[in-house]
Amino acid sequence: MRRISCDVLVIGGGATGTGVARDLAMRGLVTILVERRDLTHGTTGRYHGLLHSGGRYVVKDPQAARECYEENLILRRIMPHSIEDTGGFFVLTPWDDPAYAPHFLEGCRQAGIPVEEVPIRQMLKEEPLLNPSITHCFRVPDGAADSFLAANLNAESARQHDAEILTYHEVLRILRTDTQVTGAVCHDLIKDEEVHITSSMVVNAAGAWAGKIAASAGITIQMIPGKGTMVAVNRRIVNTVINRCKLPSDGDILVPAHTVAVMGTTDIKVSDPDRFGIEPWELRLMLDEGEKLIPGFHSFRMLRAWAGVRPLFQETVSTGTNRDVTRAFVLLDHSQRDGVDGLLTITSGKWTTYRKMAEVTADKVCEKLGIRAVCRTHLEVLPNQTTKPSSPPHYHHLGTRLGEIEHQQAYGKLVCECELAALADIEHAILQNDIHTLDDIRRDLRLGMGPCQGGFCTLRAAGLLHTLRHPSVLETNVAIRDFLEERWKGQLPILWGQQLRQARLNELIFKDVLNAGSLPGVSASRLAAERYAPPTSEHVSTTPAGPPAAIVSYAASQSTARSDVLVIGAGLAGLVAAWQVLQNGKKVRLIAKGWGATYWGSGCIDILKDQSIDDFIAANPSHPYTLAGMTALEQAFKSFQELCASAGYPLFGSLGENYLLPTALGTLRPSCLVPETMAAGDLRQHSPMLIVGFSQYLDFFPALVAENLNAQSIFANDLTLDLPTLQARKFVTGMVLARLFETPAFRLELADALRGRLGSATRIGFPAVLGLNESLAVKRDLEERLGLPVFEIPGLPPSIPGIRLHNILSKEIEKSGGRIFNGLQVDGCESAAGRIQAVFSEAAARHKSHAAEAYVLATGGLLGGGIHLTSAGYAQDTALGLPIPILTDRSSWHHETFLSHTPHPLHCIGHTVSTSFQPLDSQGAPIYENLYAVGGCLGGFDPLHECSLEGISLVTGYLVGKRLA
Ligand SMILES: Cc1cc2nc3c(=O)[nH]c(=O)nc-3n(C[C@H](O)[C@H](O)[C@H](O)COP(=O)(O)OP(=O)(O)OC[C@H]3O[C@@H](n4cnc5c(N)ncnc54)[C@H](O)[C@@H]3O)c2cc1C
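Throughout what follows, the structure given in this document is the object of discussion.

Here the focus is the overall build of the protein. When you go through the protein residue by residue, the secondary structure sums to 28 helices and 41 strands. A buried classification covers 64% of the 965 residues belonging to the protein. On the protein, roughly 33,900 Å² of surface is accessible, and the fraction owed to carbon and sulfur atoms is 53%. The protein carries 88 positive and 101 negative side-chain charges, and their two centres are separated by 3 Å.

The following block contains the structure:
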């Protein structure tokens, strides 16, 4: 047990605790702050982001209103870096009582809050998306605040005055005698040891957990934790804080915060601040209330939902709703209240009033300890220490980051593209800040907070953490898993539309290509974020709210030439189908809105994870493999192998056995048919290998790969090269490397750099970027120069090996007379007598009609964008508007863990098909006689989970194409 002592121990690293620590330290008291996780782990890191003007409380809670306004003015002065002066509107919508407005104006006047009416025309000029039927709008001095940054700045200021800030220190119990509190016993979660802290005073600033802390000292505090749920829209749809002009209630504020806008909140009493969930009705309420402020709100892309608990307190037991409990703050002196000296509890209040709460608390501490020192926190500006010493004010604003990146021309050095978190900042945060987890980096730099929710930056940040801090690889692995699960928990409540598709892409990256589910080590650490309680059941409607979007038909302005077969979708399934139809000289057109999942996958052909196909077919009667049959699978496999071999890109493997290849995480990944460029990486034989990467290429960290292989008893060394050619480049992406590898000069430079550094390796692994068109020649040339077999390791998208497969098929189709049109989105069809007559596409504002004898739907599922799920829970095929069956109980759609061992049920949705692969209606009859579905749009199974993504596309595309030929 470690022992330390101080004058004052502050419990809680939220706004209040960091504020108290700063104030006490500035007054010269020896102060220690303990926080059970990272700073802002509690409510401060999960709030709404509003610097209140006080306007919200003027009618119902005038004291809280006055406190807010006074502090609003001070905070703007002392922390300009963490506050954005957005201003605020209070708007009267048709759903609000007009009689409230005069009370609101009078309340503002009495609280001294400046307010002015804004003409509706002016309001719409400033915020064009606001509902034009708003009748009144009042301007107040609201703002938006960055609570992560503010708490860090307070902590930094406290440190500068010699305070000690101990994160990941959880108070287990308060130490006390009969009448005196003497300190606390903590658990240091990083070192996993007890820490005994003695102090003259303890300040309980544990927010909604204040009751639990007091209870450990035998004192009862009646906290009323009030849970509030918020949802972030993926872009900043307003630049002003928008409040409804009415008594505070649910879902009545929209706050612009950095790159997003946040709608909130609810307020529900919960019995335990550590156990609460996000309920579907709360999300629905946010969307419905958002719609009243901004028409069309439902259709915006929601990024994430989260919930925090208000630290509300009332001395007498409250019987009303939480909205009736005052937001004014409370300081409890336990010597007066409970006869126990040495303990103060500061609670309730708002983020906006944290500084005043700290001042009052520090005054009391000084009075108790007989110290004469006055508060200076309102006079001294907080230090401008952010993630790096030279950061300009407002560094956290995207525009400022963009300005910096443009100034430094550091476009190619982004770790998190969504939030523009650059390499130098991440490195600085890892080396200089109190970082223990990837989530700590998120709080410091907004890593993973944008639309992809960590899909791309998790691997990069983990690689940097591993390289710079040298933890054991098992620690890095669990940091990755913790972060993936933390990001998942906030997406779960809002998985529909584009964000659902994003989640599926993240699954492709982590479950499939990187096989993160098999990372060595434990599945979660004690530093992992807590999960929300599972939501209660809610049944969704299986009928659309309005007309299904894609079946609206219209007169096309142009018709294309009639073809025998029209394939819709250019992923592997669509391309294979088109290639097969062309074998018999038929006229084929392929139209697609993009290039499909081949561009994102591993570039291998996965058939099945670990089971024999015969057994699998016997056990799964309606699976596409069973419908297609073993013979078709063998033929498809062989034909594709022949095609790739004739294109100079041989694929190795046989149906009965899987290769075991390393991934860019150093996990082992089974695959059936692998390009020659990857084959030497086969881990079924254990010969030692050297894993080589490049300092400038942030998608591949050789040490992470090698150490994970070592952890699985596969001998591997690593080497990161810093080549002059790459130093001179601003962008070093997979595509840039692929093109460089095709130049002899680069290969020579590489071989020279590797000479004498191969150690005992008998093979060399590179990221999968060994050329786009000449990869085999590149590989063979490298082998000749290095004298050892060389292989590629797949990683983050875009997938160079996947693009190679795409190119082989596209060229073959064009060579056989087929035509491929990209950028055309099919959005409806015309039918008669049970047959499709034509489908319609839209591009560049031109509508085209495409007629054919037969149509092949190869649009992909949720991943490929062929299936869309609305927020109301209606699932539909995006090309033709066909309904997709779905589990009606929303709570059963997903598992609690992202890397779940069983498929997420929602991710198995798709078309039910006949033995001829015709989509069937709910009665089991073909929807259209001449429509077929192949690949990812088929339902009833999860190809990412089975490891059958490419196999299903290959065999179904092959079979349907062959039959139509
Ligand atoms: C949904 C919602 C929206 C809100 N929106 C706004 C807003 O827009 N504007 C505004 O001004 N206010 C807002 N508030 C209120 C505001 O967020 C809180 O009043 C404020 O953040 C509370 O800060 P705190 O430091 O007192 O508590 P917290 O931030 O909760 O800090 C307490 C800390 O104590 C730590 N702790 C708990 N137990 C232990 C232990 N055993 N050992 C060590 N540490 C421990 C916790 O981990 C936590 O970090 C909102 C609150 C909610 C719930």
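The discussion continues.
Right, let's talk about unusual backbone geometry for a bit. In this structure, Thr 265 follows Gly 264 across a cis peptide bond, with omega equal to -15 degrees. Tracing the chain through its elements places Thr 265 in the loop between strand E16 (260–264) and strand E17 (268–269). Here the bond from Pro 797 into Pro 798 is cis, since omega is 0 degrees, no more than 30 degrees from zero. Within the secondary structure, Pro 798 sits in the loop between strand E33 (790–793) and helix H26 (800–815). Not every positive phi belongs to a glycine, and Thr 40 is a case in point at roughly 70 degrees.

With that settled, consider the pairing of strand E27 (residues 659–662). Summarising the sheet, E27 and strand E28 (residues 668–671) pair through 4 bridges and their orientation is antiparallel. By the bridge assignment, Pro 662 is partnered in E28 with Leu 668. Here E27 folds back onto E28 in antiparallel fashion, the turn holding 5 residues, of which Gly 666 has a positive phi close to 85 degrees.

Glancing now at helix H15 (residues 497–513). The end-to-end C-alpha separation of H15 is 23 Å, in line with the 24 Å expected for 17 residues at 1.5 Å each. Of all 17 residues making up H15, 15 are buried, and the element is well covered by its neighbours. One or two positions beyond H15, positive phi appears at Asn 515, with a value near 45 degrees.

Next up on the list: the side chain of Arg 46. Mapped onto the elements, Arg 46 comes out in the loop between strand E2 (31–34) and strand E3 (50–51). Judged by relative accessible area, which is 18%, Arg 46 ranks as buried. When near neighbours in sequence (up to four residues on either side) are disregarded, Arg 46 contacts His 41, Met 230, Trp 306, Ala 307, Gly 308, Lys 489 and Glu 530.

This part covers the side chain of Arg 481. Along the chain, the position of Arg 481 falls in helix H14 (residues 473–491). One buried charged side chain, Arg 481, makes no salt bridge at all; its nearest oppositely charged neighbour is Glu 485, positioned 6.1 Å away. Beyond its immediate chain neighbours, meaning those up to four positions away, Arg 481 contacts Ala 516, Gly 517, Leu 519, Gly 521, Val 522, Ser 523 and Leu 899.

With that out of the way, let us pick up the nonpolar core. If you look at the biggest cluster of nonpolar residues, it comprises 173 residues, and the most contacted ones within it are Leu 254, Phe 297, Ile 691, Phe 694, Phe 741, Leu 754 and Phe 766. Those residues in contact with Leu 754 that lie beyond four places of it in its chain are Leu 690, Val 692, Leu 719, Leu 721, Phe 766 and Leu 786. If you look at the next biggest cluster of nonpolar residues, it comprises 78 residues, including Val 567, Leu 582, Phe 917 and Leu 938.

What follows covers the packing of aromatic side chains. In this structure the tally under the stated criterion is 14 aromatic pairs. With centroids separated by 5.9 Å and ring planes inclined at 45 degrees, the aromatic side chains of Tyr 47 and Trp 351 adopt a geometry described as tilted. With Tyr 47 in the loop between E2 and E3 and Trp 351 in the loop between strand E20 (343–348) and helix H9 (354–369), this pair connects stretches of sequence that are 304 residues apart. We note that Tyr 47, like Trp 351, is buried.

The element helix H12 (residues 438–445) is extensively covered by neighbouring structure, given that 8 of its 8 residues are classed as buried. Of the residues making up H12, those classed as buried are Leu 438, Asp 439, Asp 440, Ile 441, Arg 442, Arg 443, Asp 444 and Leu 445. Along its buried surface, H12 packs onto helix H5 (147–160), helix H10 (398–408), strand E22 (421–422), helix H11 (423–432), helix H13 (457–469) and H14. Where H12 starts, the residue carrying a side-chain oxygen 3.2 Å from the main-chain nitrogen of Asp 439 turns out to be Thr 437.

Turning our eyes to something else, we now look at the site of the ligand. Around the ligand, the structure places 36 residues, and the nearest of them are Thr 16, Glu 35, Thr 44, Leu 50 and Thr 352. Note that an oxygen atom of the ligand is positioned 2.7 Å from one of the side-chain N or O atoms of Thr 16. One of the backbone N or O atoms of Gly 42 is found 3.1 Å from an oxygen atom in the ligand. Expressed as a share of its isolated accessible area of 1,000 Å², the protein-covered part of the ligand is 97%. Looking at the shell around the ligand, the elements that each hand over two or more residues are helix H1 (15–26), strand E10 (169–176), strand E13 (223–233) and strand E18 (302–313). Examining the composition of the shell around the ligand, we find that 4 residues originate from one element, E18, more than from any other.

All right, on to the packing of helix H16 (residues 572–582) against H26 then. Close contact between H16 and H26 brings their axes to 9 Å; oriented N to C, the two are set at 30 degrees. Taken together, the axis directions place H16 and H26 in an arrangement best described as roughly parallel. Like other packed secondary-structure pairs, H16 and H26 cross with a definite hand, here left-handed. Here H16 contributes Leu 572, Leu 575, Val 576, Ala 578, Trp 579 and Leu 582 to the contact with H26, which in turn contributes His 806, Leu 809, Ser 810, Glu 812 and Ile 813. The residue inventory of the contact of H16 with H26, partitioned by class, reads 8 nonpolar, 2 polar and 1 charged.

The next subject is the sheet that holds strand E23 (residues 558–559). Sheets are built from strands that pair by backbone hydrogen bonding, the pairs being arranged parallel or antiparallel. Overall, mixed pairing links the 4 strands, which are arranged E23-E37-E36-E35 in an open sheet. At either end of the open sheet lies a strand with only one pairing partner, and these are E23 and strand E35 (825–832). The pairing of strand E36 (residues 835–843) with strand E37 (residues 846–850) spans 5 bridges and is antiparallel. What sits directly across from Phe 840, in E37, is Ser 849.

What counts and what doesn't
Residues numbered from 1 in each chain as written. Predicted model: local features only at pLDDT ≥ 70, side-chain atom pairs only at ≥ 80, totals over all residues. Heavy atoms only, no water. Helix = DSSP H or I, 4+ residues; strand = E, 2+ residues; numbered from the N terminus. Buried < 20%, exposed > 50% of the residue type's maximum accessible area, 1.4 Å probe, protein only. Areas by Shrake-Rupley, 256 points an atom, 1.4 Å probe, with all protein chains shown as cover. Lys, Arg positive; Asp, Glu negative; His and termini not counted. Charge placed at Lys NZ, Arg CZ, Asp CG, Glu CD. Pairing = 2+ DSSP bridges. Expected span 1.5 Å × (residues − 1). Contact = heavy atoms within 4.5 Å. Salt bridge = Lys/Arg side-chain N within 4 Å of Asp/Glu carboxyl O. Core = buried A, V, L, I, M, F, W, Y, C linked by side-chain atoms within 4.5 Å. Phe/Tyr/Trp six-rings, centres within 6.5 Å; stacked < 30°, edge-to-face > 60°. Polar contact = N/O pair within 3.5 Å; in protein donor to acceptor, adjacent residues only side chain to side chain. Near = heavy atom within 4 Å. Axes fitted to C-alpha atoms, helices over the stretch in contact; angles between N-to-C directions. Parallel < 35°, antiparallel > 145°, perpendicular 65-115°, else oblique. Left-handed = near helix turned anticlockwise from the far one by under 90°. Nonpolar A, V, L, I, M, F, W, Y, C, P; charged D, E, K, R; others polar.

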